[in-house]
Amino acid sequence: MSQAIAGKLGLIAGNGEFPLLIARECARRNIPLVVSAIRDETDPAIGELAARIEWMGLGQLGRMIRFFRKEGVAQAIMAGHVKQVRIFGRDHPDLRMLSMLARLNQRNTDKLLGAIADELKRDGIELLDSTCLLQRLVPQEGVLTKRKPGPREWADIRYGLPIAREIARMDLGQTIVVCHQQVVAVEALEGTDAAIERAGSLTHGQKLTVVKVSKPAQDMRFDVPVIGRKTIEVLQKSHATVMTLDAGRSLMFEKDEVLAMADKSGISILAVAPPAGEPPRA
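Overview of the structure. This one's a predicted model, so the numbers in the text were calculated from it and none came from an experiment.

**Quick word on the pattern of salt bridges**
In total, this model carries 23 salt bridges according to the counting rule given. Arginine 24 is paired through a salt bridge with glutamate 17; the nearest N and O atoms lie 2.8 Å apart. The partner of lysine 215 in a salt bridge is aspartate 223, with the nearest N and O atoms 2.7 Å apart. Members of the salt-bridge network, linked through shared partners, are Arg69, Arg96, Arg103, Glu119, Arg122 and Asp123.

**Considerations on the environment of threonine 42**
Structurally, the position occupied by threonine 42 is in the loop between strand 2 (33-38) and strand 3 (52-56). A residue is classified by how much of its surface remains accessible, and threonine 42, at 6% relative accessible area, is buried. For the pair threonine 42 and asparagine 15, spaced 27 residues apart in sequence, the C-alpha separation works out to 4.5 Å. Among residues more than four places away in sequence, those in contact with threonine 42 are Ala13, Gly14, Ala37 and Trp55. A polar contact is formed between the side chain of threonine 42 and the backbone nitrogen of isoleucine 38, at a distance of 2.8 Å.

**A short note on the sheet that holds strand 8 (residues 183-186)**
The pairing of strands in a sheet comes from backbone hydrogen bonds and takes either a parallel or an antiparallel form. Spatially, 6 strands are ordered 6-13-11-9-7-8 in an open sheet, and the strand pairing comes out mixed. Every other strand in the sheet has two partners, leaving strand 6 (142-143) and strand 8 as the edge strands with one partner each. The pairing of strand 11 (residues 240-246) with strand 13 (residues 268-272) spans 5 bridges and is parallel. The residue of strand 13 that forms the bridge with methionine 243 is isoleucine 269.

**Side note on unusual backbone geometry**
Although it is not a glycine, glutamine 181 sits at a positive phi angle of roughly 60 degrees. Within the secondary structure, glutamine 181 is located in the loop between strand 7 (175-178) and strand 8. For glutamate 254, which is not glycine, the phi torsion reads 50 degrees and is therefore positive. Within the secondary structure, glutamate 254 sits in the loop between strand 12 (251-252) and helix 8 (255-265).

**A closer look at the sheet that holds strand 3**
Spatial ordering of the open sheet is given by 3-2-1-4-5, a layout of 5 strands whose pairing is parallel. Strands at the two margins of the open sheet, each flanked by one partner only, are strand 3 and strand 5 (126-127).

What counts and what doesn't
- Along each chain, residues carry numbers from 1 onward, in the same order as the chain's sequence is written.
- With the structure being a predicted model, the display of local features is reserved for residues of pLDDT at least 70 and the display and counting of side-chain atom pairs for 80 or more, all residues being used for whole-chain, interface and lining totals.
- The basis for every side-chain value is the complete set of heavy atoms in the structure, and neither hydrogens nor water enter the calculation.
- By salt bridge we mean one thing: a side-chain nitrogen of Lys or Arg within 4 Å of a carboxyl oxygen of Asp or Glu.
- Starting at the N terminus, helices and strands are each numbered in turn, a helix being any DSSP run of H or I of at least four residues and a strand any DSSP run of E of at least two.
- Relative accessibility decides the category of a residue: with a 1.4 Å probe and only protein chains considered, values under 20% of the type maximum give buried, values over 50% give exposed, and everything between is partly exposed.
- Throughout, a residue-residue contact means that at least one pair of heavy atoms, one from each residue, lies within 4.5 Å.
- Here a polar contact means two N or O atoms within 3.5 Å. Within protein one must be a hydrogen donor candidate and the other an acceptor candidate, and residues neighboring in sequence count only if both atoms are side-chain atoms.
- Strands were regarded as paired on the criterion that DSSP finds at least two bridges between them.

As structure tokens, this is what we get:
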């Protein structure tokens, strides 16, 4: 979904490649970027691409909003993974974060990030679709690799998709790993790659099918399903031969390289249509 960027863009940067891709695209388009970087999460290289950057703790919501307002930011993007377990550990939330948390009846990903978006909105900062600058990396429906899934893999996909969608509906995770129509691993806070690796360690060389989906009415502002080169490396190591993504609701970092790696390894990647009647939110 295309959204116009007016003036400076704020970036709430977690770890991984996603924030750097946003920063490079802003540099290419001459969009001034103001980065709220999370200590021990954000790649320091992003500082070279930012007009302004401030490093802060994970729970410093009030400080982040004050920083954005001081810099004249009216639009922001949230990109990159954050170790959510830190919220329950050594990071100490500030008063604004504590006040927000106290109002939540649940603290799952959607509730937490949705509440942060609401806090930004109260201060006049609109949180944008996180894919709005990277539409070329959003897969469209169909088989994306040279090899199509075989009969065994299709059976695993048809078995796994409704299960994965139910897991996603409960906001437990986005990925399951299937072997001969049996669920081997379910993603939780550890992330997709770790779930695939765990499945590989349990199945001792058996061929695996990885099913990764978006949430019902996926909020495109945050927690959009993502794969990259590391994902393909993990699929290879874990003997996974096929992976599904949701068309229009996922991101493939370094898309050309990812597909080339998959083709070289004989891995099939399939973008499937999300269920009808579930438009994404933005």
